[in-house]
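Chain by chain, the residues:
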Amino acid sequence: MNEAHPQDHGSDRDPDAAGPSRRSVLWTAGAAGAGLGLGGLGAGHAAAATPETAHGTAAGAAAAPEAKGKTMIGVPFEPRSTVRVGIIGLGNRGGSMIDLFLAVPGTRVVALCDPMQEKTAQAAKKVIDAGQPAPALYTNGDHDFENLCERGDLDFIYVATPWDWHFDMAKAAMLNGKHVGVECPLALRLDQLWKLVDLSEHTRRHCLQLENVCYGRNEMRVLRMAHAGLFGDLLHGAGAYNHDLRGLMFDPDYYEGPWRRLWHTRLRGDLYPNHGFGPVANYMDVNRGDRAVRISSFGTPALGLAAYRKEHMPPNDPSWKESYIESDRTISLVQTAEGRVIRLEHDVSTPHPYSRINSLGGTKGVFEDFPERIYIEPDHTNDEWGDFARYADWDHWLWKDHPKPPGGHNGMDYMLVFRLTQCIRLGLVPDFDVYDAATWSAPVPLSDLSIKAKGAPQEFPDFTRGLWKKERPGMDSEKPEE
(Lines give C-alpha, C1' and ligand atoms only; values in the text may rest on other atoms or scores of the structure.)
Protein backbone atom coordinates (compact mmCIF):
# COMPACT_ATOMS: atom_id res chain seq x y z
CA MET A 1 0.00 0.00 0.00
CA ASN A 2 1.56 3.22 -1.14
CA GLU A 3 -0.70 6.22 -1.05
CA ALA A 4 -2.59 8.14 1.58
CA HIS A 5 -5.66 6.10 0.69
CA PRO A 6 -4.81 2.52 1.73
CA GLN A 7 -7.08 0.75 -0.70
CA ASP A 8 -5.31 -2.57 -0.39
CA HIS A 9 -6.38 -3.47 3.12
CA GLY A 10 -8.75 -6.29 3.92
CA SER A 11 -12.49 -6.35 3.84
CA ASP A 12 -15.12 -6.21 6.51
CA ARG A 13 -16.16 -9.73 7.49
CA ASP A 14 -16.54 -10.38 11.23
CA PRO A 15 -14.14 -13.21 12.18
CA ASP A 16 -16.29 -14.19 15.14
CA ALA A 17 -19.52 -14.52 13.16
CA ALA A 18 -20.86 -17.82 11.95
CA GLY A 19 -19.63 -18.86 8.54
CA PRO A 20 -16.07 -19.26 7.25
CA SER A 21 -13.38 -20.38 9.65
CA ARG A 22 -11.19 -17.85 11.41
CA ARG A 23 -8.25 -19.02 9.30
CA SER A 24 -10.20 -18.48 6.09
CA VAL A 25 -11.21 -15.00 7.16
CA LEU A 26 -7.63 -14.05 7.87
CA TRP A 27 -6.41 -15.71 4.67
CA THR A 28 -8.60 -13.51 2.52
CA ALA A 29 -7.74 -10.23 4.18
CA GLY A 30 -6.13 -9.25 0.91
CA ALA A 31 -3.87 -6.67 2.49
CA ALA A 32 -0.75 -7.65 0.65
CA GLY A 33 0.35 -4.09 0.18
CA ALA A 34 -0.21 -2.92 3.74
CA GLY A 35 -1.44 -5.62 6.07
CA LEU A 36 -0.03 -8.51 8.00
CA GLY A 37 -1.32 -12.00 8.54
CA LEU A 38 -2.44 -13.00 12.02
CA GLY A 39 -0.45 -15.35 14.19
CA GLY A 40 -2.02 -18.42 15.71
CA LEU A 41 -2.73 -20.02 12.34
CA GLY A 42 -0.87 -23.14 13.32
CA ALA A 43 2.69 -23.72 14.43
CA GLY A 44 4.30 -22.80 11.15
CA HIS A 45 2.49 -19.51 10.80
CA ALA A 46 2.81 -18.52 14.43
CA ALA A 47 6.55 -19.01 14.20
CA ALA A 48 6.69 -16.52 11.35
CA ALA A 49 6.33 -13.71 13.85
CA THR A 50 9.26 -14.82 15.99
CA PRO A 51 12.50 -13.80 14.30
CA GLU A 52 14.69 -15.27 17.03
CA THR A 53 13.44 -18.77 16.24
CA ALA A 54 14.45 -18.33 12.64
CA HIS A 55 18.01 -17.18 12.71
CA GLY A 56 19.32 -16.75 16.23
CA THR A 57 22.30 -14.43 16.42
CA ALA A 58 23.42 -11.73 14.05
CA ALA A 59 26.35 -13.86 13.01
CA GLY A 60 23.99 -16.67 12.13
CA ALA A 61 21.89 -14.29 10.09
CA ALA A 62 24.86 -13.35 7.95
CA ALA A 63 25.98 -16.88 7.15
CA ALA A 64 25.07 -17.89 3.60
CA PRO A 65 23.91 -21.50 3.18
CA GLU A 66 25.31 -23.54 0.34
CA ALA A 67 23.63 -22.79 -2.97
CA LYS A 68 21.03 -25.31 -4.13
CA GLY A 69 21.34 -24.30 -7.79
CA LYS A 70 22.79 -21.76 -10.18
CA THR A 71 22.14 -18.08 -9.66
CA MET A 72 18.96 -16.48 -10.98
CA ILE A 73 20.81 -13.24 -11.74
CA GLY A 74 20.35 -12.36 -15.39
CA VAL A 75 17.98 -15.25 -16.10
CA PRO A 76 15.23 -14.25 -18.57
CA PHE A 77 11.65 -15.42 -18.60
CA GLU A 78 10.62 -17.87 -21.28
CA PRO A 79 8.80 -15.78 -23.91
CA ARG A 80 5.03 -16.21 -24.10
CA SER A 81 2.62 -14.86 -26.68
CA THR A 82 0.02 -14.66 -23.90
CA VAL A 83 0.82 -14.41 -20.20
CA ARG A 84 -1.49 -16.75 -18.31
CA VAL A 85 -1.99 -15.56 -14.73
CA GLY A 86 -3.38 -17.13 -11.59
CA ILE A 87 -4.32 -14.87 -8.68
CA ILE A 88 -4.33 -15.97 -5.04
CA GLY A 89 -6.10 -13.56 -2.72
CA LEU A 90 -9.00 -11.36 -3.84
CA GLY A 91 -9.41 -8.87 -1.02
CA ASN A 92 -9.05 -5.16 -1.62
CA ARG A 93 -5.53 -5.48 -3.04
CA GLY A 94 -5.99 -8.56 -5.19
CA GLY A 95 -9.49 -7.46 -6.10
CA SER A 96 -8.19 -4.18 -7.49
CA MET A 97 -5.01 -5.47 -9.10
CA ILE A 98 -7.01 -7.93 -11.21
CA ASP A 99 -8.38 -4.91 -13.10
CA LEU A 100 -4.84 -4.03 -14.18
CA PHE A 101 -3.95 -7.55 -15.27
CA LEU A 102 -7.10 -7.47 -17.40
CA ALA A 103 -6.17 -4.06 -18.82
CA VAL A 104 -2.75 -5.08 -20.13
CA PRO A 105 -2.80 -6.54 -23.67
CA GLY A 106 -1.47 -10.05 -24.01
CA THR A 107 -2.46 -11.09 -20.48
CA ARG A 108 -5.19 -13.57 -19.54
CA VAL A 109 -6.46 -14.33 -16.04
CA VAL A 110 -6.91 -18.10 -16.02
CA ALA A 111 -7.52 -19.02 -12.37
CA LEU A 112 -8.63 -17.33 -9.14
CA CYS A 113 -8.34 -18.48 -5.54
CA ASP A 114 -9.91 -17.18 -2.35
CA PRO A 115 -11.82 -19.05 0.37
CA MET A 116 -14.42 -16.27 0.36
CA GLN A 117 -16.66 -17.35 -2.51
CA GLU A 118 -18.29 -13.95 -2.88
CA LYS A 119 -14.93 -12.34 -3.57
CA THR A 120 -13.99 -14.99 -6.09
CA ALA A 121 -17.32 -14.62 -7.84
CA GLN A 122 -16.93 -10.84 -8.07
CA ALA A 123 -13.44 -11.22 -9.52
CA ALA A 124 -14.60 -13.88 -11.98
CA LYS A 125 -17.30 -11.52 -13.25
CA LYS A 126 -14.60 -8.93 -13.98
CA VAL A 127 -12.73 -11.49 -16.09
CA ILE A 128 -15.83 -12.42 -18.06
CA ASP A 129 -16.87 -8.78 -18.49
CA ALA A 130 -13.41 -8.11 -19.94
CA GLY A 131 -14.20 -10.61 -22.71
CA GLN A 132 -11.99 -13.41 -21.42
CA PRO A 133 -13.06 -17.01 -20.79
CA ALA A 134 -14.48 -17.76 -17.37
CA PRO A 135 -11.58 -18.47 -14.98
CA ALA A 136 -11.24 -21.61 -12.89
CA LEU A 137 -12.19 -20.94 -9.27
CA TYR A 138 -10.55 -22.31 -6.13
CA THR A 139 -12.62 -21.59 -3.02
CA ASN A 140 -12.39 -24.84 -1.04
CA GLY A 141 -10.70 -23.70 2.15
CA ASP A 142 -7.35 -22.30 3.13
CA HIS A 143 -5.15 -24.63 1.10
CA ASP A 144 -6.97 -24.73 -2.22
CA PHE A 145 -4.22 -22.46 -3.54
CA GLU A 146 -2.11 -25.61 -3.75
CA ASN A 147 -4.49 -26.98 -6.37
CA LEU A 148 -4.30 -23.74 -8.34
CA CYS A 149 -0.51 -23.97 -8.31
CA GLU A 150 -0.67 -27.48 -9.77
CA ARG A 151 -2.41 -26.32 -12.96
CA GLY A 152 -0.48 -26.79 -16.16
CA ASP A 153 -1.78 -23.70 -17.94
CA LEU A 154 -0.30 -20.93 -15.79
CA ASP A 155 2.85 -18.92 -16.45
CA PHE A 156 2.73 -16.60 -13.46
CA ILE A 157 1.06 -16.64 -10.04
CA TYR A 158 0.29 -13.41 -8.23
CA VAL A 159 -0.03 -13.61 -4.42
CA ALA A 160 -2.02 -10.91 -2.64
CA THR A 161 -2.76 -12.40 0.78
CA PRO A 162 -1.79 -11.55 4.38
CA TRP A 163 1.87 -11.81 5.15
CA ASP A 164 1.88 -15.11 7.04
CA TRP A 165 0.90 -16.97 3.90
CA HIS A 166 3.40 -15.48 1.46
CA PHE A 167 6.12 -18.02 2.12
CA ASP A 168 3.87 -21.07 1.72
CA MET A 169 2.25 -19.74 -1.45
CA ALA A 170 5.49 -18.69 -3.12
CA LYS A 171 6.98 -22.07 -2.27
CA ALA A 172 3.99 -23.94 -3.71
CA ALA A 173 4.12 -21.90 -6.90
CA MET A 174 7.80 -22.56 -7.58
CA LEU A 175 7.63 -26.24 -6.67
CA ASN A 176 4.92 -26.54 -9.30
CA GLY A 177 7.03 -24.86 -11.95
CA LYS A 178 5.47 -21.38 -11.86
CA HIS A 179 7.04 -17.97 -11.68
CA VAL A 180 5.57 -16.08 -8.74
CA GLY A 181 5.16 -12.50 -7.62
CA VAL A 182 4.39 -11.71 -3.99
CA GLU A 183 3.16 -8.53 -2.36
CA CYS A 184 5.21 -7.07 0.49
CA PRO A 185 6.96 -8.60 2.33
CA LEU A 186 8.34 -11.68 0.63
CA ALA A 187 8.51 -13.53 3.96
CA LEU A 188 8.86 -12.72 7.65
CA ARG A 189 11.85 -14.80 8.74
CA LEU A 190 15.41 -15.00 7.49
CA ASP A 191 15.31 -18.77 7.14
CA GLN A 192 12.20 -18.41 4.96
CA LEU A 193 13.91 -15.80 2.82
CA TRP A 194 16.87 -18.12 2.31
CA LYS A 195 14.56 -21.01 1.45
CA LEU A 196 12.83 -18.96 -1.23
CA VAL A 197 16.19 -17.92 -2.67
CA ASP A 198 17.24 -21.57 -2.73
CA LEU A 199 13.96 -22.66 -4.31
CA SER A 200 14.19 -20.03 -7.00
CA GLU A 201 17.67 -21.20 -7.90
CA HIS A 202 16.78 -24.88 -7.73
CA THR A 203 13.50 -24.68 -9.69
CA ARG A 204 14.75 -21.98 -12.12
CA ARG A 205 11.56 -20.01 -11.42
CA HIS A 206 11.57 -16.32 -10.60
CA CYS A 207 10.29 -15.29 -7.18
CA LEU A 208 9.67 -11.55 -7.21
CA GLN A 209 8.75 -8.93 -4.63
CA LEU A 210 6.12 -6.87 -6.42
CA GLU A 211 7.29 -3.56 -5.00
CA ASN A 212 5.09 -1.10 -6.86
CA VAL A 213 6.67 2.02 -5.34
CA CYS A 214 9.79 1.31 -7.39
CA TYR A 215 7.62 2.13 -10.42
CA GLY A 216 6.46 5.52 -9.14
CA ARG A 217 7.09 8.46 -11.48
CA ASN A 218 9.30 10.34 -9.02
CA GLU A 219 11.19 7.21 -8.00
CA MET A 220 11.97 6.28 -11.60
CA ARG A 221 12.98 9.84 -12.49
CA VAL A 222 15.36 10.06 -9.52
CA LEU A 223 16.75 6.65 -10.45
CA ARG A 224 17.68 7.78 -13.95
CA MET A 225 19.12 11.08 -12.68
CA ALA A 226 21.22 9.25 -10.10
CA HIS A 227 22.58 6.83 -12.67
CA ALA A 228 23.41 9.74 -14.98
CA GLY A 229 25.52 11.31 -12.21
CA LEU A 230 23.37 14.38 -11.52
CA PHE A 231 23.68 13.81 -7.77
CA GLY A 232 27.42 13.12 -7.99
CA ASP A 233 28.80 10.28 -5.90
CA LEU A 234 25.91 8.95 -3.83
CA LEU A 235 26.23 9.24 -0.07
CA HIS A 236 22.91 8.77 1.67
CA GLY A 237 19.23 8.10 1.14
CA ALA A 238 16.06 7.63 3.13
CA GLY A 239 12.72 5.90 2.76
CA ALA A 240 9.74 5.30 4.99
CA TYR A 241 6.25 4.10 5.54
CA ASN A 242 4.80 6.80 7.79
CA HIS A 243 1.04 6.58 7.56
CA ASP A 244 -1.55 7.07 10.29
CA LEU A 245 -3.54 3.82 10.22
CA ARG A 246 -5.01 3.97 13.74
CA GLY A 247 -8.59 4.50 12.64
CA LEU A 248 -8.42 1.72 10.07
CA MET A 249 -6.79 -0.74 12.43
CA PHE A 250 -9.62 -0.31 14.94
CA ASP A 251 -12.38 -0.18 12.33
CA PRO A 252 -14.36 -3.46 12.54
CA ASP A 253 -15.79 -2.87 9.06
CA TYR A 254 -12.48 -2.33 7.30
CA TYR A 255 -10.26 -5.31 8.10
CA GLU A 256 -11.30 -8.95 8.27
CA GLY A 257 -10.49 -9.46 11.89
CA PRO A 258 -7.74 -7.79 13.90
CA TRP A 259 -4.79 -9.39 12.09
CA ARG A 260 -3.26 -6.07 11.03
CA ARG A 261 -3.42 -4.60 14.52
CA LEU A 262 -2.29 -7.77 16.27
CA TRP A 263 1.14 -7.56 14.70
CA HIS A 264 1.66 -4.64 17.07
CA THR A 265 1.39 -7.12 19.94
CA ARG A 266 4.15 -9.36 18.60
CA LEU A 267 7.06 -7.45 17.01
CA ARG A 268 8.91 -4.23 17.82
CA GLY A 269 10.75 -3.71 14.53
CA ASP A 270 9.97 -2.19 11.14
CA LEU A 271 6.91 -4.12 9.98
CA TYR A 272 6.91 -2.65 6.48
CA PRO A 273 10.34 -1.61 5.16
CA ASN A 274 9.87 -2.45 1.48
CA HIS A 275 8.34 0.78 0.15
CA GLY A 276 11.14 2.85 1.64
CA PHE A 277 14.03 0.45 1.09
CA GLY A 278 13.32 -0.70 -2.47
CA PRO A 279 13.62 2.63 -4.31
CA VAL A 280 16.73 3.77 -2.43
CA ALA A 281 18.35 0.37 -2.94
CA ASN A 282 17.74 0.85 -6.66
CA TYR A 283 19.29 4.32 -6.65
CA MET A 284 22.41 2.91 -4.98
CA ASP A 285 22.59 -0.28 -7.09
CA VAL A 286 22.28 -2.52 -4.04
CA ASN A 287 22.98 -6.10 -5.21
CA ARG A 288 24.44 -4.58 -8.40
CA GLY A 289 27.79 -3.20 -7.26
CA ASP A 290 26.95 -2.43 -3.65
CA ARG A 291 25.11 -4.28 -0.91
CA ALA A 292 23.53 -3.77 2.50
CA VAL A 293 25.92 -5.07 5.14
CA ARG A 294 24.43 -4.12 8.52
CA ILE A 295 21.41 -2.50 10.13
CA SER A 296 20.92 -0.77 13.47
CA SER A 297 17.37 -0.04 14.57
CA PHE A 298 15.84 2.00 17.36
CA GLY A 299 12.25 2.16 18.49
CA THR A 300 10.15 4.53 20.56
CA PRO A 301 7.74 3.39 23.28
CA ALA A 302 4.51 1.79 22.07
CA LEU A 303 1.88 4.30 23.18
CA GLY A 304 -0.11 5.36 20.13
CA LEU A 305 -2.53 2.46 19.70
CA ALA A 306 -3.33 2.25 23.40
CA ALA A 307 -4.01 5.98 23.50
CA TYR A 308 -6.26 5.75 20.46
CA ARG A 309 -8.12 2.80 21.97
CA LYS A 310 -8.68 4.67 25.22
CA GLU A 311 -10.22 7.60 23.38
CA HIS A 312 -12.27 5.80 20.74
CA MET A 313 -13.10 2.20 21.66
CA PRO A 314 -15.94 1.07 23.98
CA PRO A 315 -15.02 -0.83 27.16
CA ASN A 316 -16.29 -4.15 25.80
CA ASP A 317 -14.25 -4.02 22.59
CA PRO A 318 -11.99 -7.10 22.12
CA SER A 319 -8.99 -4.82 21.57
CA TRP A 320 -8.84 -4.15 25.32
CA LYS A 321 -7.33 -7.62 25.74
CA GLU A 322 -4.33 -6.63 23.61
CA SER A 323 -0.96 -5.36 24.83
CA TYR A 324 0.96 -3.40 22.21
CA ILE A 325 4.73 -3.65 21.99
CA GLU A 326 5.42 -2.42 18.45
CA SER A 327 7.41 0.82 18.53
CA ASP A 328 5.29 3.74 17.44
CA ARG A 329 8.20 4.90 15.33
CA THR A 330 11.05 2.70 14.22
CA ILE A 331 14.18 4.30 12.79
CA SER A 332 16.81 2.09 11.17
CA LEU A 333 20.19 2.91 9.70
CA VAL A 334 21.49 0.60 7.00
CA GLN A 335 25.12 0.80 5.92
CA THR A 336 26.30 -0.49 2.57
CA ALA A 337 29.58 -2.03 1.51
CA GLU A 338 30.49 1.29 -0.17
CA GLY A 339 29.94 3.13 3.12
CA ARG A 340 26.64 4.75 2.13
CA VAL A 341 23.88 5.16 4.70
CA ILE A 342 20.15 4.49 4.21
CA ARG A 343 17.63 5.63 6.82
CA LEU A 344 14.37 3.71 7.09
CA GLU A 345 11.34 4.77 9.13
CA HIS A 346 8.07 3.09 10.05
CA ASP A 347 5.15 4.71 11.88
CA VAL A 348 1.49 3.75 11.49
CA SER A 349 0.23 4.43 15.01
CA THR A 350 0.68 8.19 15.58
CA PRO A 351 -0.74 11.29 13.87
CA HIS A 352 1.33 11.99 10.78
CA PRO A 353 0.68 13.04 7.16
CA TYR A 354 1.46 10.27 4.72
CA SER A 355 5.13 10.17 3.72
CA ARG A 356 7.59 7.73 2.20
CA ILE A 357 10.37 10.38 2.60
CA ASN A 358 12.13 9.15 -0.57
CA SER A 359 15.32 11.19 -0.40
CA LEU A 360 18.70 10.82 -2.05
CA GLY A 361 21.87 12.82 -1.48
CA GLY A 362 25.28 12.93 -3.09
CA THR A 363 28.29 15.15 -3.61
CA LYS A 364 26.39 17.37 -6.08
CA GLY A 365 23.07 17.76 -4.30
CA VAL A 366 19.94 16.21 -2.88
CA PHE A 367 16.33 15.28 -3.69
CA GLU A 368 13.59 15.08 -1.09
CA ASP A 369 9.99 14.01 -1.59
CA PHE A 370 6.70 14.69 0.24
CA PRO A 371 6.69 17.40 -0.98
CA GLU A 372 9.04 16.93 -3.92
CA ARG A 373 11.98 19.34 -4.11
CA ILE A 374 15.52 19.28 -5.40
CA TYR A 375 18.80 21.10 -4.92
CA ILE A 376 21.72 20.15 -7.16
CA GLU A 377 24.74 22.03 -8.45
CA PRO A 378 25.13 23.92 -10.67
CA ASP A 379 21.37 24.31 -11.22
CA HIS A 380 20.54 25.69 -7.78
CA THR A 381 22.17 28.28 -5.54
CA ASN A 382 21.36 30.58 -2.63
CA ASP A 383 20.06 27.75 -0.44
CA GLU A 384 16.70 27.66 -2.21
CA TRP A 385 15.00 24.46 -3.28
CA GLY A 386 14.40 23.96 -7.00
CA ASP A 387 11.34 22.79 -8.91
CA PHE A 388 11.53 19.03 -9.53
CA ALA A 389 9.04 19.36 -12.39
CA ARG A 390 11.80 20.99 -14.45
CA TYR A 391 13.45 17.56 -14.69
CA ALA A 392 10.55 15.81 -16.44
CA ASP A 393 12.83 15.02 -19.38
CA TRP A 394 14.48 12.48 -17.08
CA ASP A 395 11.28 10.45 -16.77
CA HIS A 396 11.69 6.75 -17.42
CA TRP A 397 10.46 5.52 -20.80
CA LEU A 398 7.58 3.74 -19.09
CA TRP A 399 6.20 7.07 -17.89
CA LYS A 400 6.84 8.73 -21.24
CA ASP A 401 4.90 5.98 -23.00
CA HIS A 402 2.14 5.93 -20.37
CA PRO A 403 1.89 9.50 -18.99
CA LYS A 404 -1.58 8.92 -17.52
CA PRO A 405 -1.74 5.25 -16.54
CA PRO A 406 -4.91 3.73 -15.06
CA GLY A 407 -5.14 2.16 -11.64
CA GLY A 408 -4.34 3.05 -8.07
CA HIS A 409 -1.44 4.74 -6.37
CA ASN A 410 -1.00 7.39 -9.06
CA GLY A 411 -0.50 4.78 -11.76
CA MET A 412 2.46 2.92 -10.28
CA ASP A 413 0.38 -0.25 -9.91
CA TYR A 414 -0.30 -0.28 -13.64
CA MET A 415 3.37 0.35 -14.43
CA LEU A 416 4.31 -2.65 -12.32
CA VAL A 417 1.84 -4.98 -14.02
CA PHE A 418 2.60 -3.67 -17.51
CA ARG A 419 6.35 -4.04 -17.14
CA LEU A 420 6.12 -7.44 -15.43
CA THR A 421 3.91 -8.95 -18.13
CA GLN A 422 5.99 -7.28 -20.85
CA CYS A 423 9.12 -8.99 -19.51
CA ILE A 424 7.34 -12.34 -19.52
CA ARG A 425 5.87 -11.92 -23.02
CA LEU A 426 9.17 -10.85 -24.56
CA GLY A 427 11.38 -13.23 -22.60
CA LEU A 428 13.31 -10.49 -20.79
CA VAL A 429 15.23 -10.50 -17.52
CA PRO A 430 12.95 -9.05 -14.80
CA ASP A 431 13.78 -5.62 -13.41
CA PHE A 432 14.45 -7.13 -9.98
CA ASP A 433 14.84 -10.69 -8.71
CA VAL A 434 14.62 -12.96 -5.69
CA TYR A 435 17.80 -11.49 -4.22
CA ASP A 436 16.25 -8.03 -4.19
CA ALA A 437 13.05 -9.45 -2.73
CA ALA A 438 14.90 -11.09 0.13
CA THR A 439 17.06 -8.02 0.78
CA TRP A 440 14.13 -5.60 0.89
CA SER A 441 12.22 -7.86 3.33
CA ALA A 442 15.14 -8.70 5.64
CA PRO A 443 14.75 -5.53 7.78
CA VAL A 444 11.53 -6.97 9.27
CA PRO A 445 13.29 -9.60 11.43
CA LEU A 446 16.63 -7.77 11.60
CA SER A 447 15.16 -4.53 12.95
CA ASP A 448 13.23 -6.46 15.59
CA LEU A 449 16.44 -8.14 16.73
CA SER A 450 18.36 -4.86 16.75
CA ILE A 451 15.77 -3.02 18.84
CA LYS A 452 15.70 -5.85 21.36
CA ALA A 453 19.50 -5.64 21.48
CA LYS A 454 19.36 -1.88 22.22
CA GLY A 455 20.35 -0.91 18.70
CA ALA A 456 23.18 -3.39 18.27
CA PRO A 457 24.02 -3.81 14.56
CA GLN A 458 22.69 -6.91 12.84
CA GLU A 459 24.51 -8.24 9.81
CA PHE A 460 22.63 -8.41 6.53
CA PRO A 461 22.74 -11.75 4.74
CA ASP A 462 24.36 -11.66 1.32
CA PHE A 463 21.60 -13.40 -0.57
CA THR A 464 23.60 -13.09 -3.81
CA ARG A 465 26.47 -15.14 -2.33
CA GLY A 466 29.08 -12.65 -3.47
CA LEU A 467 27.63 -11.83 -6.89
CA TRP A 468 26.56 -8.35 -5.74
CA LYS A 469 30.05 -7.15 -6.68
CA LYS A 470 29.22 -7.42 -10.37
CA GLU A 471 27.40 -4.47 -11.90
CA ARG A 472 24.29 -5.40 -13.89
CA PRO A 473 21.06 -3.84 -15.15
CA GLY A 474 18.07 -3.29 -12.92
CA MET A 475 15.10 -0.94 -12.83
CA ASP A 476 16.77 1.61 -15.10
CA SER A 477 15.85 -0.42 -18.16
CA GLU A 478 16.04 0.25 -21.88
CA LYS A 479 12.80 0.25 -23.85
CA PRO A 480 12.52 -3.12 -25.60
CA GLU A 481 11.47 -3.78 -29.15
CA GLU A 482 7.99 -5.29 -29.16
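Check the entry above for the structure.
Note that the structure is a prediction, hence the values are computed from the model and not measured.

Under the definition given, this model contains 2 cavities of 30 Å³ or more. In this model, the largest cavity occupies a volume close to 70 Å³. Phe77, Leu208, Leu210, Tyr215, Leu416, Arg419, Leu420, Cys423, Pro430, Asp431 and Phe432 together form the lining of the largest cavity. Top element by residues in the lining of the largest cavity is helix H16 (residues 412-426). It accounts for 4 residues. Looking at the second largest cavity, its volume works out to about 40 Å³. Considering the residues around the second largest cavity, the lining is formed by Asn287, Arg291, Ala292, Thr439, Pro461, Asp462 and Phe463.

Time to look at unusual backbone geometry. The amide bond that connects cysteine 184 to the next residue, proline 185, takes the cis arrangement and shows omega of -10°. Examined against the element boundaries, proline 185 turns out to sit in the loop between strand S5 (179-182) and helix H9 (190-203). Backbone torsion omega between glutamate 377 and proline 378 reads 5°, so that peptide bond is classified as cis. In this fold, proline 378 is placed in the loop between strand S13 (373-376) and helix H15 (397-401). For asparagine 287, which is not glycine, the phi dihedral falls at a positive 75°. As for its placement among the helices and strands, asparagine 287 is situated in the loop between helix H13 (274-283) and strand S8 (292-299).

This paragraph deals with helix H5 (residues 92-103). Counted at 1.5 Å a residue, the expected span for H5 with its 12 residues is 16 Å, and the 17 Å between its end C-alpha atoms agrees. Residues of H5 that are buried include every one of Arg93, Gly94, Gly95, Met97, Ile98, Leu100, Phe101 and Leu102, and no others. Residues of H5 that are buried in the fold lie against strand S1 (83-88), strand S2 (107-113), helix H6 (117-129), strand S4 (156-159) and H16.

On to the pattern of salt bridges. As enumerated under the stated definition, the model contains 28 salt bridges in all. A salt bridge links aspartate 395 to arginine 221; the shortest N-O distance between them is 2.7 Å. Here aspartate 395 is found in the loop between S13 and H15, whereas its partner arginine 221 is found in helix H10 (residues 217-227), with 174 residues between them in sequence. Classification of aspartate 395 by relative accessible area gives buried; the value is 6%. Close ionic contact of lysine 452 with aspartate 448 constitutes a salt bridge, the shortest N to O distance being 3.0 Å. Residue lysine 452 and its partner aspartate 448 are located together in helix H18 (residues 443-452), separated by 4 residues, close to a single helical turn. Among the residues examined, lysine 452 registers a relative accessible area of 38% and is labelled partly exposed. Among the charged side chains, a network of salt bridges with common partners joins Arg329, Arg343, Glu345 and Asp347.

Moving on: the side chain of aspartate 198. By the element assignment, aspartate 198 lies in helix H9. A polar side-chain atom of aspartate 198 sits 2.6 Å from a polar atom in the side chain of arginine 465. Here aspartate 198 is in contact with Pro65, Glu66, Lys68 and Arg465, once residues within four sequence places are set aside.

Further remarks concern the environment of aspartate 144. Summarising the element assignment, aspartate 144 is placed in the loop between strand S3 (136-138) and helix H7 (145-149). Each C-alpha atom, one on aspartate 144 and one on proline 115, is 7.9 Å from the other, the two residues being 29 residues apart in sequence. Once residues within four sequence positions are removed from consideration, aspartate 144 is found in contact with Cys113, Tyr138 and Thr139.

Here we take up the layout of surface pockets. If you add up the space inside the second largest pocket, you get close to 260 Å³. In terms of lining, the second largest pocket is formed by 16 residues, of which the most central are Val429, Pro430, Asp431, Pro473 and Gly474. Counted by class, the lining of the second largest pocket contains 6 nonpolar, 3 polar and 7 charged residues.

With that settled, consider the packing of H9 against helix H17 (residues 434-441). Packing of H9 against H17 leaves a shortest axis separation of 10 Å and a crossing angle of 175°. Relative to H17, the element H9 is oriented roughly antiparallel. Contacts from Leu193, Leu196, Val197, Ser200 and Glu201 in H9 reach Val434, Tyr435, Ala438 and Ser441 in H17. Classifying every residue of the contact of H9 with H17 gives 6 nonpolar, 2 polar and 1 charged.

Conventions and cut-offs
- Residues numbered from 1 in each chain as written.
- Predicted model: local features only at pLDDT ≥ 70, side-chain atom pairs only at ≥ 80, totals over all residues.
- Heavy atoms only, no water.
- 1 Å grid on protein atoms, 1.4 Å probe; cavity = no way out; pocket = protein on both sides within 12 Å on 5 of 7 lines; lining within 4 Å.
- Points joined across faces, edges and corners; volume = space filled by probe spheres on them.
- Helix = DSSP H or I, 4+ residues; strand = E, 2+ residues; numbered from the N terminus.
- Expected span 1.5 Å × (residues − 1).
- Buried < 20%, exposed > 50% of the residue type's maximum accessible area, 1.4 Å probe, protein only.
- Contact = heavy atoms within 4.5 Å.
- Salt bridge = Lys/Arg side-chain N within 4 Å of Asp/Glu carboxyl O.
- Polar contact = N/O pair within 3.5 Å; in protein donor to acceptor, adjacent residues only side chain to side chain.
- Nonpolar A, V, L, I, M, F, W, Y, C, P; charged D, E, K, R; others polar.
- Axes fitted to C-alpha atoms, helices over the stretch in contact; angles between N-to-C directions.
- Parallel < 35°, antiparallel > 145°, perpendicular 65-115°, else oblique.

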